[in-house]
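Structural overview for review
Each chain is listed here by its residues.
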Amino acid sequence: GSLVISDFYLPFASRPSDRRQLAISRSVVVVLALASAAVAAALTLWSGGVMRFVLDFMGQAAAILVGGATGVFFLALMSRRASPRGIYCGLVSGIAFAAWAVLTGNPAIREWLGARFGWWLEIPCYTGHIWLIALWADAVIVAVGYLSSLLLDPGYRAPRKLTIWGWRDDLAAT
């Protein structure tokens, strides 16, 4: 809703009121929710495993495209010791993990790559559920990012106000 308001409504509205913005935002959310439910219902009724394909594809695309943003956010928010260099190391590791998991965990992709590059079939496969790739990539980001921060920048401390601990202090003060 807020994306539609900020990107499409506000630039063209002459005098937008808060009440009007809220109404439009709520309407957009309701319309998108109904459309999503309709698409989901249609896919479950469709034969041939389309629903499974769509969900697997979306999970794989999210694992690669999001690239562990949740892991980076969690690491930076929860630890003052997470340095920028450590976070970048974690991010690269998480993206590499997600790419490996998608390219080896999906049988169709694995077979296609194996037919073109024989050595590809020698690479160990990701055997977990395809929808968990993003979660495991986030775990890799947090672990590698934290350890890299400790090794690369041993004395680094982010300002307390940038972490959840600073937010907690602000809430306690009010």
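Whatever comes next refers back to the structure up there.
A few points on the structure. Owing to the predicted nature of the structure, the values given are computational and were not obtained by experimental measurement. (Residues numbered from 1 in each chain as written. Predicted model: local features only at pLDDT ≥ 70, side-chain atom pairs only at ≥ 80, totals over all residues. Heavy atoms only, no water.)

Some remarks on the packing of aromatic side chains
So the rule is basically this: For Phe, Tyr and Trp, rings pair up if their centres lie within 6.5 Å, where Trp contributes its six-membered ring, and each pair is then called stacked (planes under 30 degrees apart), edge-to-face (over 60) or tilted (otherwise). Numbering goes from the N terminus for both helices and strands, where a helix is a DSSP run of H or I of at least four residues and a strand is a run of E of at least two. For the exposure calls, accessible area comes from a 1.4 Å probe over protein chains only, and a residue counts as buried if that area is under 20% of its type's maximum, exposed if over 50%, partly exposed in between.
A full pass over the atoms with the stated rule returns 5 aromatic pairs. With 6.1 Å between their ring centres and 85° between their planes, Phe97 and Tyr126 make a pair best called edge-to-face. With Phe97 in helix 5 (residues 84–105) and Tyr126 in the loop between helix 6 (107–116) and helix 7 (133–152), this residue pair connects regions lying 29 residues apart in the sequence. When its relative accessible area of 18% is taken as the criterion, Phe97 is described as buried. A ring pair is formed by Trp119 and Trp120, whose centres lie 5.7 Å apart and whose planes are at 65°; its orientation type is edge-to-face. Judged by its relative accessible area of 53%, Trp119 is exposed. Taken together, the ring pairs in this structure connect Phe97, Trp100 and Tyr126 into an aromatic cluster.

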